Amino acid sequence: MDILRVEHLKKSFGRTHVIKDISFNVGSGEIVGFVGPNGAGKTTTLKLITNLIFPDSGTITIAGFDLQKEREKALSHLSGIIESPGLYTGLSGRENLDFIRRVRNVSKEKYDEVVKITGLGDRLSRKVKKYSLGMKQRLAIGMCLLSSPDFLILDEPTNGLDPTGTIELRELILKMAKEYGVSILFSSHMLDEVGRISDRVIYIKEGCLLGEKTREEMFTGQRYLVTVQDTAGAETCLASHPAVISFKILDGNRISVETEKEAAGAVVSALLSCGAVVLDIQKESDQLENIYREIFQEDGK
């Protein structure tokens, strides 16, 4: 079952068409990354889904409820952090959580569970103004979880975090999805983090969806940057090799080759057997960055 369905969504500000007829879904318990350059329409889309702004046309369905026709029922399944966390910095972390607990009439058992999930421990007694950005993000997510949402939206959750904060937040997001069944849609510019936690990635640019890839599609093989003396002979060899998933001739005499996992040695041996002179081979570590580059270059920009 889909926790979210977006169908033919459009949004303009004046004469500027920001969101141009997009449709996508988020499945139950799924973590979906929402990726694109600045100004692509990521935050606008998330604001539309959280009902902070209203679409010109199209439908948004959350947990089976139409957001426009059954607003309260739809939003009862959703929590989110758009842009900066809205926290009371003059209060302690515990006082922030307790405020939401009383507003939402949350049970003591649920409150204690959320406190444990945040991992803030004794730091909840500190004033929020003394928190690091990572601690603020964890507290804000904890406040979202008090309402027991089925669906969580996060806008650039790792933006500005140091490595420790990034790791802690990543672990928290994975825990929410895998242990508590919360569906998560999050935007991010940190492609490495998107690749680490996403079940699926949706790509957007200038208000249009360019496509999506599942984890299996993103990581079917391993990419290598192969430098050869002459690409002509190497190209023919690679095109016929069964372990080569795809390849692309780059500038000069370099070739980006995606192979089945653990097949790099066999591919190099085949190149040598074909008479190709291999000058260098390097493993390309950031698979998602390569996919991002290919998608947006294929878009013509």
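Scroll up a little and you will see the structure.
Below: a short report on this structure. This is a predicted model, so every value here is computed, not measured. (Residues numbered from 1 in each chain as written. Predicted model: local features only at pLDDT ≥ 70, side-chain atom pairs only at ≥ 80, totals over all residues. Heavy atoms only, no water.)

### Structural notes on the nonpolar core
Line of reasoning, step 1. With 44 residues, the main nonpolar core has L97, L139, I141, M176, I184 and Y203 as its most contacted residues.
Line of reasoning, step 2. For this core, the element with the most residues is helix α5 (residues 133-145), which contributes 7 residues.
Line of reasoning, step 3. Ignoring any residue separated from it by four or fewer positions in sequence, one finds I184 in contact with V26, E30, I31, V32, F151, L152, L154, I173, M176 and A177.
Line of reasoning, step 4. If you look at the next biggest cluster of nonpolar residues, it comprises 28 residues, including L4, L46, I153 and I202. (Core = buried A, V, L, I, M, F, W, Y, C linked by side-chain atoms within 4.5 Å. Buried < 20%, exposed > 50% of the residue type's maximum accessible area, 1.4 Å probe, protein only. Helix = DSSP H or I, 4+ residues; strand = E, 2+ residues; numbered from the N terminus. Contact = heavy atoms within 4.5 Å.)

### A few points about a positive patch on the surface
Line of reasoning, step 1. Taken together, the side chains of R126, K127, K129 and K130 make up a positively charged region of the molecular surface.
Line of reasoning, step 2. Structurally, K127 is set in the loop between α4 (108-118) and α5.
Line of reasoning, step 3. A relative accessible area of 36% means that K127 is categorised as partly exposed. (Patch = residues over 30% accessible without salt bridge, like charges linked within 9 Å, V, L, I, M, F, W, Y side chains within 5 Å. Areas by Shrake-Rupley, 256 points an atom, 1.4 Å probe, with all protein chains shown as cover. Salt bridge = Lys/Arg side-chain N within 4 Å of Asp/Glu carboxyl O. Lys, Arg positive; Asp, Glu negative; His and termini not counted. Charge placed at Lys NZ, Arg CZ, Asp CG, Glu CD.)

### Quick notes on a nonpolar patch on the surface
Line of reasoning, step 1. A contiguous nonpolar surface patch, about 360 Å² in accessible area, is contributed by Y88, L91, F99 and V103.
Line of reasoning, step 2. Among the structural elements, Y88 can be located in the loop between β6 (78-81) and α3 (93-104).

### A few points about the packing of aromatic side chains
Line of reasoning, step 1. Tallying each qualifying case throughout the model produces 2 aromatic pairs.
Line of reasoning, step 2. Considering the side-chain rings of Y88 and F99, the 5.5 Å spacing of their centres and the 75° angle between planes classify their relative orientation as edge-to-face. With a gap of 11 residues between them, Y88 in the loop between β6 and α3 and F99 in helix α3 connect regions that are remote in the sequence.
Line of reasoning, step 3. In this structure Y88 comes out as partly exposed when scored by relative accessible area, which is 44%. (Phe/Tyr/Trp six-rings, centres within 6.5 Å; stacked < 30°, edge-to-face > 60°.)

### With respect to the pattern of salt bridges
Line of reasoning, step 1. Applying the stated criterion across every chain, the model contains 11 salt bridges.
Line of reasoning, step 2. Of the charged contacts, one joins R200 and E30 as a salt bridge, the two residues approaching to 2.8 Å between their closest N and O atoms. In this pair, R200 sits in strand β9 (residues 200-205) while E30 sits in the loop between β2 (16-27) and β3 (31-35), placing the two residues 170 residues apart along the sequence.
Line of reasoning, step 3. Here the salt bridges share partners, and the residues they tie into one network are D2, R5 and E7.

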